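Examination of the molecular architecture
Here is what each chain is made of, one letter per residue.
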Amino acid sequence: HRFRDVDLLSGEWLLILPGGEAIAETWFHVPGQNRSAYIERTWTDGISYRASGPRLRIDRPAVLIGGADNYYHWMIDFLPRLLCALATPSLAGRRLVVAAQRTAFEQETIDLVDTPAERLVSVPYPAVVECADLVTLDFGARPTAVTGMPVMFRGATPLPVLSALRSRLLSALRIAPRPN
């Protein structure tokens, strides 16, 4: 999806459209499992939020990668976006928006997949990031239970994307895949 003149609430990766409507990721994460810096209240069909933190601006075209201090969510939800952004020719000139406060495993995999450092835009948490031209990569909705809550440990990332991620990581680590 492509958004123009949208605010990004960093760290929890919420998008705020010019009219004030909030768009949540298919999964969003509060760093450190702390209370949200932005969300005041949630309802079944929406949230109330406050935009807190310093205001920053990204004028150049960018892609939202995001990040999580949770290993599972980094590997399943965010790293596949990075790999897609790196592999998609139409996104080659865009900056890659990531968390400034990265864990060791996030930084190690960013380096491992040969991410050009000059493409990274590291944003602190919390912050309101005004984005002139932002692309988000969406693999579809996370499977949900009857209650409407996401099914635990069932990501939305399609199997071919996860397979490509596995191959890229094994190759970068110089590990031969096991024969079937």
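**Side note on the pairing of strand S9 (residues 120–123)**
Relative to S9, strand S8 (residues 95–99) runs parallel, the two being bridged by 4 bridges. When the bridges of S9 are listed, Ala99 appears paired with Val123. Between the parallel pair S8 and S9, the chain is carried across by helix H2 (residues 104–112), and the sense of this crossover is right-handed.

**Examining the pattern of salt bridges**
Applying the stated criterion across every chain, the model contains 8 salt bridges. The salt bridge partner of Arg50 is Glu40, with a shortest N-O separation of 3.8 Å. With Arg50 in the loop between strand S5 (46–49) and strand S6 (55–58) and Glu40 in strand S4 (residues 39–43), this residue pair connects regions lying 10 residues apart in the sequence. Classification of Glu40 as partly exposed rests on a relative accessible area of 45%. Residues joined by salt bridges that share partners form a network here, namely Asp7, Arg55, Arg57, Asp59 and Glu130.

What counts as what
Residues numbered from 1 in each chain as written. Predicted model: local features only at pLDDT ≥ 70, side-chain atom pairs only at ≥ 80, totals over all residues. Heavy atoms only, no water. Pairing = 2+ DSSP bridges. Helix = DSSP H or I, 4+ residues; strand = E, 2+ residues; numbered from the N terminus. Right-handed = clockwise from strand over helix to strand, strands pointing away. Salt bridge = Lys/Arg side-chain N within 4 Å of Asp/Glu carboxyl O. Buried < 20%, exposed > 50% of the residue type's maximum accessible area, 1.4 Å probe, protein only.

Function cannot be read off these values alone, since they describe shape.
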